[in-house]
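Residue-level structural notes
Each chain, letter by letter, is given below.
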Amino acid sequence: MTTVTTGQAQQYAKPLPRATPDSEPYWQHLKEHRLHIQRCTGCGKFRMYPRPMCDQCYSFEHEWVPASGKGTIYSWGVVHQPVHPAWREEFPFAIVEVELEEGVRLRATMVDVPSEQLSIGMPVEIVYDDVTDEVTLPRFRRAL
Amino acid sequence: MTHPLRDKVAVVGIGETRYSKNSGVSDLTLQLQGFKLACDDAGLDPKKIDGIVAMTLGACSEDYMTNFGIPDVRFAARPEMGGASPVASLQLAAAVLDAGICNYVLTIVGRNQRSGQRLGGGMGVAPPQFKVVAEHEMPMGVFIPAQWYAPMARRHMHEYGTTFEQFAAVSVTQRYHASLNDNAMMRDLITVEDHHHSRWVVDPFRLLDCCLETDGVAAVILARADRAKDMRHPPVYVSGVAEGHPESPMSITQRKEMTVFGVTKAAPRAFAMAGVGPKDIDVAGLYDCFTFTVINQLEDIGFCGKGEGGPMVESGATRLGGSLPVNTHGGLLSQGHVQGMNHICEATRQLRGTAGASQVKDAEVALLSGYGDYGDGSVAILRR
Ligand SMILES: [Zn+2]
Ligand SMILES: [Zn+2]
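Chains are numbered independently. Their residues run from 1 in the order of the written sequence. For this description, chains carry letters from A and ligands carry numbers from 1, given in the order in which they are written. Two thresholds apply to this predicted model, a pLDDT of at least 70 for residue-level local features and 80 or more for giving and counting side-chain atom pairs, whereas whole-chain, interface and lining totals are computed over all residues. Water and hydrogen atoms play no part in the side-chain values, which are based on all heavy atoms of the structure.

Our focus in this paragraph is the packing of aromatic side chains. The description of an aromatic ring pair uses the distance of the two centres, along with the angle that the planes make with each other. Stacked, tilted and edge-to-face pairs are distinguished by plane angle, under 30 degrees for stacked and over 60 for edge-to-face with tilted covering the rest, among Phe, Tyr and Trp rings (Trp via its six-membered ring) whose centres lie within 6.5 Å. The final tally for this structure, using the stated rule, is 18 aromatic pairs over all chains. Ring geometry for B:Trp148 and B:Tyr149: centres 5.9 Å apart, planes at 75°, overall edge-to-face. Like B:Trp148, the residue B:Tyr149 is buried in the burial classification. By the ring-pair criterion, three or more aromatic residues cluster together here, those being B:Phe130, B:Trp148, B:Tyr149, B:Phe164, B:Phe167, B:Trp200, B:Phe205, B:Phe261, B:Phe290, B:Phe292, B:Tyr371 and B:Tyr374. In this scheme, Lys NZ or Arg CZ marks a charge over a ring once it lies within 6 Å of the ring centre and within 35 degrees of the ring normal. Note that B:Arg154 overlies the ring of A:Trp76, its terminal NZ or CZ placed 3.9 Å from the centroid. In this arrangement the basic side chain of B:Arg206 is found over the ring face of B:Trp200, its NZ or CZ atom lying 4.2 Å from the centre. The buried label applies to any residue whose accessible area, calculated with a 1.4 Å probe on protein chains only, is under 20% of its type's maximum; exposed applies above 50%, and partly exposed to all values in between.

Below, the structure is given as structure tokens:
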């Protein structure tokens, strides 16, 4: 598995995810460079983003199962205008929606593909970005 | 069986401040001015208002009670559907008025959105329906509606062949409508080329695909039909009204069909309540935070099939004189952004026959839509 580091712990100025008791294992796994997603142990349905119960069988029982980290681009947008000052040096950048092989989707950014080369259906795979000592964000790169 | 709420309540007053980049007054002053304008239009002493739906950042129903000395408000609420709230508030008003809980509901929205706190400046504490996005998407750089919806628009282009020319058609049409409106912020005519040359905000949205940011307030007063008959203006009846929430309402990403909005559920309910269909609509006010949103809602409401919204706007059908004039006041794109309360005011003028240069001849039935947050929808059908 690949790692990139876009943040430098001391001066990381972007918002960080605030984990909840329900999402904590998700972020903990990412920190260990593993993408795990929730699967209901009652009926087997995958769900995203992390939450307490299954909307299909109402079970609160679930397991965190390893995901392949592979998927395809479902859609994207290219941000051309600063909203948050911490991104001021990075415009333009693409926000991609990745559909994972397990069927759930993630909104993230790419590490290697210029936005002009993005296309719907493009195969991608996860990259782990240790933005601080505590937090790792999922990002994606073109899959070979 | 006729729906028990059909035509039971009516719009009896509308009020709009000037729409501008800088009102020169405080948020609260502007809000109180909007409240008073609607009461004046209805010919109603503000102290008579006994139901308030306030959905403006900063202002609460207590502000109006305090400043107007309103003695006895029996109902106050604040919907949380973003831009779908004003039209959804008509449903709330219809239900509480028909139940006899109160007599006059005033629903109001707006503030100094341009000269005061702007959207890009951070949203402070995220409202509860935004918490999933705050945790998982803000760290990626996703903060504002243009960023939330751009992937939807691209998906629509991918699935249905929707084009930039079709986005431009919405923008150009509404600017033409705004050119006829002396309370519109943007009145200079534009062309498809002007649209294409405007800068990118979030590709596939250019500047001329995006709504304005506006200092302004709009308000609407509703009353039961029996009272409405004796007021200053002829009543405009709420014939049908409904709200609809999309699949996966807290995150667009997890929706099976990304381009299917909550209006898909609301529209059939509103049509059934009113006993009319898309072909009966003379004029429409569709929520237009982005050009794409108009195209998508034409489809989701049933004015055309899925994927046919682009060709429909390109054909000129939505322009004054076309088969379904849309946003005859200029809308959020060119008149001003007060979350579509301005659309309700315009529909009321159209049905009163007082829409001036934008009047649709003999307009009898109008449709309104609201769209907000991650796809919340609302639809109302008004008739004279
Ligand atoms: Zn289950
Ligand atoms: Zn919502």
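So, about the coordination of the zinc ion (ligand 2). Residue and element names in this part refer to chain B. On the protein side, the zinc ion (ligand 2) has Asp373 (OD) and Asp376 (OD) as donor atoms, found 1.9 to 2.7 Å from it. On the basis of relative accessible area, Asp373 is assigned to the buried category, the value being 7%. Exposure remark for Asp376: the relative accessible area of 5% places this residue in the buried category. A donor here means an N, O or S atom no more than 2.8 Å from the metal, or no more than 3.2 Å when the metal is Na, K or Ca. Since water is not included, a site may seem to lack partners.

Quick look at the nonpolar core now. Residues and elements named next belong to chain B. Definition used in this section: a nonpolar core is a set of buried Ala, Val, Leu, Ile, Met, Phe, Trp, Tyr and Cys residues joined via side-chain atoms within 4.5 Å. One finds Tyr149, Phe205, Leu298 and Leu367 to be the most contacted residues of the largest nonpolar core, which totals 62 residues. Per the convention used, a helix needs a DSSP run of H or I reaching at least four residues, while a strand needs a run of E reaching at least two, with both numbered from the N terminus. Per-element accounting of this core gives the leading share, 7 residues, to helix α5 (residues 145-160). By the convention used here, residues are in contact when the closest approach between their heavy atoms is within 4.5 Å. When residues no more than four places from it in sequence are discounted, the contact partners of Leu367 are Phe271, Ile281, Val283, Ala284, Gly285, Leu286, Ile301, Phe303, Val379, Ala380 and Ile381. Residues Val9, Ile14, Met55 and Val338 belong to the second largest nonpolar core, which totals 40 residues.

Moving on: the confidence of the model for chain B. Averaged over every residue, the pLDDT of chain B is 95; residues scoring 70 or more account for 98%. Both confidence scores are given for the complex: pTM 0.96, ipTM 0.93. On a range of 0 to 100, pLDDT expresses the predictor's confidence in each residue.

Across the contact, 32 residues belong to chain B and 36 residues belong to chain A. In this description, buried area is defined as the sum, over both parts, of the accessible area (probe of 1.4 Å) that is lost when the two are combined. When the two sides are added together, the surface that chain B and chain A hide from each other amounts to roughly 2900 Å², 59% of it contributed by carbon and sulfur. Looking only at chain B, the three residues that lose the most surface to chain A are B:Glu135, B:His136 and B:Met140, adding up to 24% of its buried area. Here, a salt bridge means any side-chain nitrogen of Lys or Arg that lies within 4 Å of a carboxyl oxygen of Asp or Glu. Put simply, chain B and chain A have 1 salt bridge between them. A:Arg107 is paired through a salt bridge with B:Glu137; the nearest N and O atoms lie 3.4 Å apart. Going through the elements one at a time, α4 (131-136), α5 and β5 (200-203) of chain B are the ones with two or more residues in the side of chain B that touches chain A. Element by element, the count of residues in the side of chain B that touches chain A is highest for α5(B), at 8 residues. Three classes are used, and their members are as follows: Ala, Val, Leu, Ile, Met, Phe, Trp, Tyr, Cys and Pro are nonpolar, Asp, Glu, Lys and Arg are charged, and the others, Gly among them, are polar. Residue composition of the side of chain B that touches chain A, by class: 15 nonpolar, 8 polar and 9 charged. Summarising the sheet, strand β5 (residues 70-79) of chain A and β5(B) pair through 2 bridges and their orientation is antiparallel. Opposite A:Val78, over in β5(B), you have B:Asp203 as the bridge partner. If DSSP finds at least two bridges between two strands, the strands pair.

The subject of this paragraph is empty space enclosed by the protein. Rolled over the atoms, a probe sized like a water molecule indicates the empty space that remains. Think of a 1 Å grid over the protein atoms and nothing else: a 1.4 Å probe that fits but is trapped marks a cavity, an open set flanked by protein within 12 Å on at least five of seven lines marks a pocket, and residues with an atom within 4 Å of a point count as lining. Grid points are joined across faces, edges and corners, and a volume is the space filled by probe spheres set on the points. Taken as a whole and assessed by the stated rule, the structure comprises 2 cavities of 30 Å³ or more. Its boundaries defined by the atoms lining it, the largest cavity holds a volume of some 50 Å³. Put simply, the parts of the chain that give the lining of the largest cavity at least two residues each are β9 (283-285), α13 (341-352) and β10 (365-372) of chain B. No other element matches the 4 residues that α13(B) contributes to the lining of the largest cavity. Per-class residue counts for the lining of the largest cavity are 6 nonpolar, 6 polar and 1 charged. Roughly 30 Å³ of volume is contained in the second largest cavity. Lining of the second largest cavity is provided by A:Val79, A:Val83, A:His84, A:Trp87, A:Phe91, A:Phe93, B:Gly141, B:Phe143 and B:Gln147. Among the residues making up the lining of the second largest cavity, the classes are represented as 6 nonpolar, 3 polar and no charged.

Here we come to the coordination of the zinc ion (ligand 1). All names here are of chain A. Note on the zinc ion (ligand 1): its protein donors are Cys40 (SG), Cys43 (SG), Cys54 (SG) and Cys57 (SG). The metal-donor distances range over 2.3 Å. Around the zinc ion (ligand 1), the 4 donor atoms are arranged such that angles at the metal cover 97 to 118°; this shape is classified as tetrahedral. Sequence positions of the donors to the zinc ion (ligand 1) reduce to the motif C-x2-C-x10-C-x2-C. In this pair, Cys40 is assigned in strand β2 (residues 36-40) and Cys54 in the loop between β3 (46-47) and β4 (62-66), connecting sequence segments 14 residues apart. Key to geometry: four donors with every angle between 85 and 135 degrees are tetrahedral; four donors are square planar and six octahedral where opposite donors lie over 155 degrees apart and all remaining angles lie between 65 and 115; all other sites are irregular.

Bringing helix α3 (residues 85-98) of chain B into the picture now. All names here are of chain B. Each helix should span, by expectation, one fewer than its residue count multiplied by 1.5 Å. Under the 1.5 Å per step criterion, the end-to-end length of α3 is 20 Å for 14 residues, consistent within 8% with the ideal 20 Å. Summarising burial for α3: 10 of the 14 residues are buried, a large majority. Considered for burial, the residues of α3 that qualify are Ser85, Pro86, Val87, Ala88, Ser89, Leu90, Ala93, Ala94, Val96 and Leu97. Trailing α3 by a residue or two, Gly100 shows a phi angle of about 80°, which is positive.

We now examine helix α2 (residues 61-68) of chain B. Residues and elements named next belong to chain B. Looking only at α2, the buried set comprises Ser61, Asp63, Tyr64 and Phe68. Projected down its long axis, α2 carries its buried residues within an arc of 155°, all on one side. Buried residues belonging to α2 abut α1 (27-42), β2 (51-54), β3 (75-77) and β4 (104-112). Backbone geometry just after α2 places Gly69 at a positive phi near 60°. The arc under discussion is defined with respect to the helix axis, by the directions toward the C-beta atoms.

Time to look at the environment of B:Ile14. Residue and element names in this part refer to chain B. Residue placement: Ile14 occurs in strand β1 (residues 9-16). Residue Ile14 is classed as buried on the basis of its relative accessible area, which comes to 10%. Discounting residues that sit within four places of it in the chain, Ile14 has contacts with Leu37, Ala38, Asp41, Ala219, Val220, Cys345, Thr348, Arg349 and Arg352.

Moving on to the side chain of B:Thr291. Residues and elements named next belong to chain B. Tracing the backbone shows Thr291 in helix α10 (residues 291-301). The exposure class assigned to Thr291 is buried, which follows from its relative accessible area of 0%. For Thr291, the residues in contact, after removing those within four places along its chain, are Phe167, Val170, Ser171, Leu208, Asp209 and Leu333.

Moving on to the pattern of salt bridges. Under the criterion given, the structure shown has 25 salt bridges over all chains. Between A:Glu63 and A:Arg39 there is a salt bridge whose closest N-O contact spans 3.1 Å. One end of the pair, A:Glu63, is in strand β4; the other, A:Arg39, is in strand β2, with 24 residues separating them in the sequence. Residue classification places A:Glu63 among the partly exposed positions, given a relative accessible area of 31%. Here B:Lys36 makes a salt bridge to B:Asp40, at a shortest N to O gap of 3.2 Å. Taken as a pair, B:Lys36 and B:Asp40 lie in helix α1 at a separation of 4 residues, close to a single helical turn. A relative accessible area of 36% means that B:Lys36 is categorised as partly exposed. Residues joined by salt bridges that share partners form a network here, namely A:Lys70, A:Glu125 and A:Arg141.

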